Amino acid sequence: MPILELLSRAEKLKQAIVNISKEIDHHLLALSPTTDLDNYKKFLTLQYSYQVEVENLYQHVDLHKYVDNLFDRTRLPLIEQDLNDLKHPLPNRTLQPRCFQHTDFAYALGWLYVIEGSQFSATTLGKQVDAELKLNNQRGARYLAKASECNKGCQLSHLIDNLELSDEQQATLIEGAEQARQRFKFYQAQLY
């Protein structure tokens, strides 16, 4: 039996985006976001740009049926506070937020999986920012603290594995996750 058939749906989703995820993570680590304030501000600017695009995802009606406290999971206001703490102007909003309200549920779930999953390193990064830059959940690193907290409370992999999805919906789930990763990569290329 092929290994892919033994994987859960969430594991298959993770495998589908593993290469682009590694590429993004490798690029971010190479940029050393915690070595100095300028690098950290660039990191926050990148996160801000991406979070602006996805802010409407947290309004998705069907996602609210399955994900607790979805409204509270957005971190855009925290990034704004962090940038204000660091006396860094907010980036210009050159793109309008993506409209997710009427987006297919599986597609939106793929996006949310990427956004929430991209925070797995938030705890480690938050500790580095605290140690090296002396920033924390009270000043300059609210975004990382919230990302780490949200990550602990979100069981998207469990949800994805237990939803009844057709083959077409499963493909749409993967498509949403791939698109979310590609968009982050787009912002990364624009900024760096």
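If you're wondering where the values come from, they're calculated on a predicted model, not measured in any experiment. (Residues numbered from 1 in each chain as written. Predicted model: local features only at pLDDT ≥ 70, side-chain atom pairs only at ≥ 80, totals over all residues. Heavy atoms only, no water.)

Details of the packing of helix H2 (residues 9–16) against helix H11 (residues 167–191)
The packing of two helices is summarised by the inter-axis angle and the distance between the axes.
Working step 1: Here H2 crosses H11 at 40°, and the two axes come no closer than 10 Å. The orientation of H2 with respect to H11, classified from their angle, is oblique. At the point where H2 passes H11, the crossing takes the right-handed sense. Of H11, the residues touching H2 (which contributes Arg 9, Leu 13 and Ala 16) are Gln 170, Leu 173, Ile 174, Ala 177 and Glu 178.
Working step 2: Residue classes in the contact of H2 with H11 are distributed as five nonpolar, one polar and two charged. (Axes fitted to C-alpha atoms, helices over the stretch in contact; angles between N-to-C directions. Helix = DSSP H or I, 4+ residues; strand = E, 2+ residues; numbered from the N terminus. Parallel < 35°, antiparallel > 145°, perpendicular 65-115°, else oblique. Left-handed = near helix turned anticlockwise from the far one by under 90°. Contact = heavy atoms within 4.5 Å. Nonpolar A, V, L, I, M, F, W, Y, C, P; charged D, E, K, R; others polar.)

Comments concerning the side chain of Thr 103
Working step 1: If you trace the backbone, Thr 103 turns up in the loop between helix H6 (76–85) and helix H7 (105–117).
Working step 2: Note on Thr 103: relative accessible area 18%, which makes it buried.
Working step 3: Here Thr 103 is in contact with His 60 and Ala 108, once residues within four sequence places are set aside. (Buried < 20%, exposed > 50% of the residue type's maximum accessible area, 1.4 Å probe, protein only.)

Some details on the packing of aromatic side chains
Working step 1: Under the counting rule described, the total for this entry stands at seven aromatic pairs.
Working step 2: Taken together, a centroid distance of 6.2 Å and an interplanar angle of 20° make the contact between Tyr 40 and Phe 43 stacked. In this pair, Tyr 40 and Phe 43 both sit in helix H4 (residues 37–54), three residues apart, roughly one turn of the helix.
Working step 3: Its relative accessible area of 0% is what places Tyr 40 among the buried residues.
Working step 4: For Phe 43, a relative accessible area of 5% puts it in the buried group.
Working step 5: Look at Tyr 50 and Phe 184: their rings are 5.1 Å apart centre to centre, the planes differ by 90°, and that puts the pair in the edge-to-face class. A residue pair is termed long-range when its members are at least 10 positions apart, and Tyr 50 in helix H4 and Phe 184 in helix H11 qualify at 134 residues.
Working step 6: According to the relative accessible area criterion, Phe 184 is buried, its value standing at 6%.
Working step 7: Taken together, the ring pairs in this structure connect Tyr 50, Phe 100, Trp 111, Phe 184, Phe 186 and Tyr 187 into an aromatic cluster.
Working step 8: Just above the ring of Phe 186 sits the side chain of Arg 183; from NZ or CZ to the centre is 4.5 Å. (Phe/Tyr/Trp six-rings, centres within 6.5 Å; stacked < 30°, edge-to-face > 60°. Lys NZ or Arg CZ within 6 Å of the ring centre and 35° of its normal.)

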